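# Working through the structure, step by step
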Amino acid sequence: MDAPMSRVVKSMSTERKMVQERSEAGEAPPIEYIVKESQCPPNAQPPLTAPLPVVHLGQPDEAEEIKTALQSWGMFQVIDHGMPPSFLDELGDVARAFFKLPVEEKQKYSNIRDGKFGIEGYGNDEVIAEGQILDWTDRLFLLVQPEDQRKLELWPTNPNSLRDVLHEYTRKTKKLVKNVLKTTAKSLELSEDFFISHLGDKFSIFARFNYYPCCLKPDLVLGLKPHSDRTLITVILPDKDVEGLQVMKDGEWIKVTTSPHALIFNIGDQMEIMSNGMFKSPVHRVVTSPDKDRISIAMLCANLPEKVIGPADELVNDMRPRMYKNVKVKDYTEVFFQRFYQGKRAIDWAQF
Ligand SMILES: O=C(O)CCC(=O)C(=O)O
Ligand SMILES: [Fe+2]
């Protein structure tokens, strides 16, 4: 997850080793990474495996497919998204090449500047509470839209195509997301512009390059703790070769599989609020592997911080009373992160 506003951090956060360094040194996970059995044993029972539902964009049944997928999974995969496989491979390769650079090179883009933990850059979890359980992951986190707010000094120039590829991917993702949001609105019998007019053209997109190094003890840690996203919608390019994403469905963890070069769309808390709970933001997590590292790229699409969101009036009636308050996105985000680090959800904060 991305971090809240920058703040002065304790040394335990600024001096922490990257997970990749621990993994490459063959270290077993230290205590602060170990998930408490009582809370969430990652592999207590082998999870079930299932392919994510497929939505065929542009086909006559697209709205019905989205509705069914979001009501049962909160997620779906799109195969015919129009992005060439070679382009997605290039994006994945560029991300991998970045994480394979020497640590000193990556630290040029560190999210810690002058002892302050910043929202963007190369880094990992902020430590805000004692006893916080850390995720077995490093990341590169960048605001890609609105474009005039990009902090280009944090955009790696090595590998040298990273900036161009990320710019291009942002453009393509934006177009695709607008398309998906139109169909999502239709599936709720809202006007097709409902979500995109609320978002505006320059809505917020953060790119999160997640790197999950292999772990000697994958049963003891999580690559990413259970969470729902704070977004309206998130687009994930999963690793081509390594699975790891699991979704909570009907009270059980399910390992999800996708077709090669598919993109995963998962809705976030903003969609749950705006749809008045018609769609629930799915809880998901990532597990690690003992011998394969994994990379995913998440594009977090959200309303701008100053916007106020609430349930669509059309989705509130006698049968379905208003379930969420109107909340300012900035305030929700603040609560979201305080809770995220403690492994808790924020959605109840917005509920009546
Ligand atoms: O790595 C993945 O597949 C999922 C990443 C994710 O959930 C996130 O970045 O919010
Ligand atoms: Fe997520």
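Scroll up for the structure.
Report on the accompanying structure. (Residues numbered from 1 in each chain as written. Chains lettered and ligands numbered in written order. Predicted model: local features only at pLDDT ≥ 70, side-chain atom pairs only at ≥ 80, totals over all residues. Heavy atoms only, no water.)

### As for the side chain of Arg-150
Along the polypeptide, Arg-150 turns up in the loop between β7 (138-145) and α6 (162-187). Among all residues touching Arg-150, those that are not within four sequence positions of it are Leu-143, Val-144, Trp-155, His-167 and Thr-170. (Helix = DSSP H or I, 4+ residues; strand = E, 2+ residues; numbered from the N terminus. Contact = heavy atoms within 4.5 Å.)

### Things to note about the sheet that holds strand β14 (residues 284-286)
With mixed pairing, the five strands of this open sheet are ordered in space as β2-β12-β11-β14-β9. Of all the strands in the sheet, the pair left with one neighbour each is β2 (48-51) and β9 (224-227). Within this sheet the neighbouring strands show an average axis-to-axis angle of 30°, counted without direction. Looking at chain direction, β9 and β14 are connected through two bridges and run antiparallel. Its bridge partner being in β14, Leu-224 is matched across the sheet by Val-286. (Pairing = 2+ DSSP bridges. Axes fitted to C-alpha atoms, helices over the stretch in contact; angles between N-to-C directions.)

### Digging into the side chain of Lys-106
Within the element layout of this structure, Lys-106 appears in helix α5 (residues 103-106). Notably, Lys-106 is buried but unbridged: the nearest opposite-charge side chain belongs to Glu-24, and the N-O separation is 5.9 Å. Only 3.0 Å separates the side chain of Lys-106 from the backbone oxygen of Leu-101, close enough to count as a polar contact. Excluding its chain neighbours within four sequence positions, the residues that come into contact with Lys-106 are Gln-20, Phe-98, Phe-99, Leu-101 and Tyr-122. (Buried < 20%, exposed > 50% of the residue type's maximum accessible area, 1.4 Å probe, protein only. Lys, Arg positive; Asp, Glu negative; His and termini not counted. Salt bridge = Lys/Arg side-chain N within 4 Å of Asp/Glu carboxyl O. Polar contact = N/O pair within 3.5 Å; in protein donor to acceptor, adjacent residues only side chain to side chain.)

### Regarding helix α3 (residues 62-72)
Those residues of α3 lying buried are Glu-62, Ile-66, Ala-69 and Leu-70. Projected down its long axis, α3 shows its buried positions confined to an angular sector of 95°, all on one face. Contacts from the buried residues of α3 go to β3 (75-78), α6 and β13 (263-267). Residue Gly-74 follows α3 closely and has a positive phi angle near 75°. (Arc of directions from axis to C-beta.)

### Notes on the coordination of the iron ion (ligand 2)
Summarising the metal site, the iron ion (ligand 2) is bound by the protein donors His-227 (NE2), Asp-229 (OD) and His-284 (NE2), whose distances to it range over 2.1 to 2.3 Å. Sequence spacing among the residues donating to the iron ion (ligand 2) works out to H-x1-D-x54-H. Of this pair, Asp-229 sits in the loop between β9 and β10 (233-237) while His-284 sits in strand β14, and the two are 55 residues apart along the sequence. Residue class for Asp-229 comes out buried when judged on its relative accessible area of 2%. (Donors = N, O, S within 2.8 Å, 3.2 Å for Na, K, Ca; no water.)

### Looking at the site of ligand 1
Taken together, 14 residues lie around ligand 1, and Arg-208, Tyr-212, His-284, Arg-294 and Ser-296 are the ones closest in. Contact between ligand 1 and Asn-210: an oxygen atom at 3.2 Å from a side-chain N or O atom of the residue. Side-chain polar atom of His-284 to an oxygen atom of ligand 1: 3.0 Å apart, as the coordinates give it. Protein contact buries 100% of the 300 Å² of open area that ligand 1 shows by itself. Looking at the shell around ligand 1, the elements that each hand over two or more residues are β8 (204-212), β9, β14 and β15 (294-302). Residue classes in the shell around ligand 1 are distributed as seven nonpolar, four polar and three charged. (Near = heavy atom within 4 Å. Areas by Shrake-Rupley, 256 points an atom, 1.4 Å probe, with all protein chains shown as cover. Nonpolar A, V, L, I, M, F, W, Y, C, P; charged D, E, K, R; others polar.)

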